[in-house]
Amino acid sequence: MSLYPYGKMLDRQDLLERLDITVNWGQYEIRVLRFHLTTFPAGRIVDFHNHAEYEFHFIPKGKGKVIMDDQSHTLSEGMLYLTGPGVIHYQEADAEEDMDELCLHVDIVHKPREQVDPWEAAESEETIEKLKTLPLVPVQDYHRAMSCFLEAYEACDHKMVGYYTSIKQLVISILLKVVRAYDTGGIRVEVPARDMTVYRYDYAVQYMQANHASAVTLEHVAEKLHISSRQLQRIFYQVQPDMPFSRVLEDIRLRAVCRHLQESKVSIEQIAQASGFNNANYLHAVFRKRLGMTPSAFRKLKQPILK
């Protein structure tokens, strides 16, 4: 039989509440007011009351009941429910069994900011709007939001590197997992998706730039992208119709040659090899064809005269 994992949170019950936690999420400011594990002794009653903030309730152990909107609901291990601002509710532990409750109280305020990731803003907006309309009934903690409480407590207790940032992220995770537990579908905010053609093209070019001095081939780059060489050829044609793979690679190598010619005194042969050309003769032919002059003439024109 496994030990009750949340019991350690009773050792320092106010540990997380000592932290002044404010989370900026999209266009909202989320301020943590209460964040703890508490125990309702058998038969304990918390009479009808309400809060001005959102109160997230989780039952990690025991059983009891809650009354919301004049409806009584049975509570048991693994369940959660939310009481939003002004929601009157009544809580009661079973007559013969204690009931533990993980509580997160947060004040959520709309605080517009100028520079916000639009996708983060959309997801936070969707989540907060759903929180406002969740049914006043308990559900199972399908997405294990309760584990976020224990993770936050342990991070704080052991002063793990970046624990304050981790706890803020866990607060958001709790909100998201609660919404998911109630969510039955509907329209979703789509996350940002890459244009795979542009992404693969950019990755290919970056790889070619980083490895231009070696024997870079179309097949080699395609293998890195887990696509066929024919697919990669099509990608280059779609993005830059007048710049096939070989031309892009040649341009990358020529730019490297020009930098070497301007910034160093090493021989043309050495520059050719360092830039991916087979030899100085081949470089000379390509350079003259593309730039209308020899590498030596370019160096003389571009390199400052040393005194």
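Residues numbered from 1 in each chain as written. Predicted model: local features only at pLDDT ≥ 70, side-chain atom pairs only at ≥ 80, totals over all residues. Heavy atoms only, no water.

A. Expanded view of the nonpolar core. By size, the foremost hydrophobic cluster in this structure holds 53 residues, and its most contacted members are Phe35, Phe56, Phe58, Leu104, Ile108, Leu131 and Leu175. Mapped onto this core, the elements with two or more residues apiece are strand S1 (22-25), strand S2 (28-40), strand S4 (54-68), strand S6 (79-83), strand S8 (99-110), helix H1 (118-132), helix H2 (146-157) and helix H3 (163-182). Among the elements that make up this core, the one with the highest residue count is H3 (ten residues). Setting aside residues no more than four positions away along its own chain, leucine 175 makes contact with Trp25, Ile30, Phe56, Leu104, Ile108, Thr127, Ile128 and Leu131. (Core = buried A, V, L, I, M, F, W, Y, C linked by side-chain atoms within 4.5 Å. Buried < 20%, exposed > 50% of the residue type's maximum accessible area, 1.4 Å probe, protein only. Helix = DSSP H or I, 4+ residues; strand = E, 2+ residues; numbered from the N terminus. Contact = heavy atoms within 4.5 Å.)

B. Spotlight on the packing of aromatic side chains. Applying the stated rule across the entire model yields nine aromatic pairs. Ring centres of phenylalanine 48 and tyrosine 90 lie 5.1 Å apart, and the angle between their planes is 40 degrees; this geometry places the pair in the tilted category. Of this pair, phenylalanine 48 sits in strand S3 (residues 45-49) while tyrosine 90 sits in strand S7 (residues 89-93); the two residues are 42 residues apart in sequence, bridging distant segments of the chain. By the ring-pair criterion, three or more aromatic residues cluster together here, those being Phe35, Phe58 and Phe149. Above the ring of tyrosine 4, the side-chain terminus of lysine 61 is found at 4.4 Å from the ring centroid. (Phe/Tyr/Trp six-rings, centres within 6.5 Å; stacked < 30°, edge-to-face > 60°. Lys NZ or Arg CZ within 6 Å of the ring centre and 35° of its normal.)

C. Up close: unusual backbone geometry. Of note in this structure, aspartate 69 is not a glycine but carries a positive phi near 55 degrees. Of note, aspartate 69 is situated in the loop between S4 and strand S5 (71-76). The phi torsion at lysine 159 lies on the positive side, around 50 degrees, for a residue other than glycine. Following the sequence through the fold, lysine 159 ends up in the loop between H2 and H3.

D. The arrangement of the side chain of glutamine 91 in detail. Inspection of the secondary structure puts glutamine 91 in strand S7. A distance of 3.1 Å separates a polar atom in the side chain of glutamine 91 from a polar atom in the side chain of tyrosine 81. Separated by 3.1 Å, the side chains of glutamine 91 and glutamate 101 make a polar contact. Residues contacting glutamine 91, with those up to four places away along its chain left out, are Phe40, Arg44, Ile45, Val46, His49, His57, Lys65, Val66, Tyr81 and Glu101. (Polar contact = N/O pair within 3.5 Å; in protein donor to acceptor, adjacent residues only side chain to side chain.)

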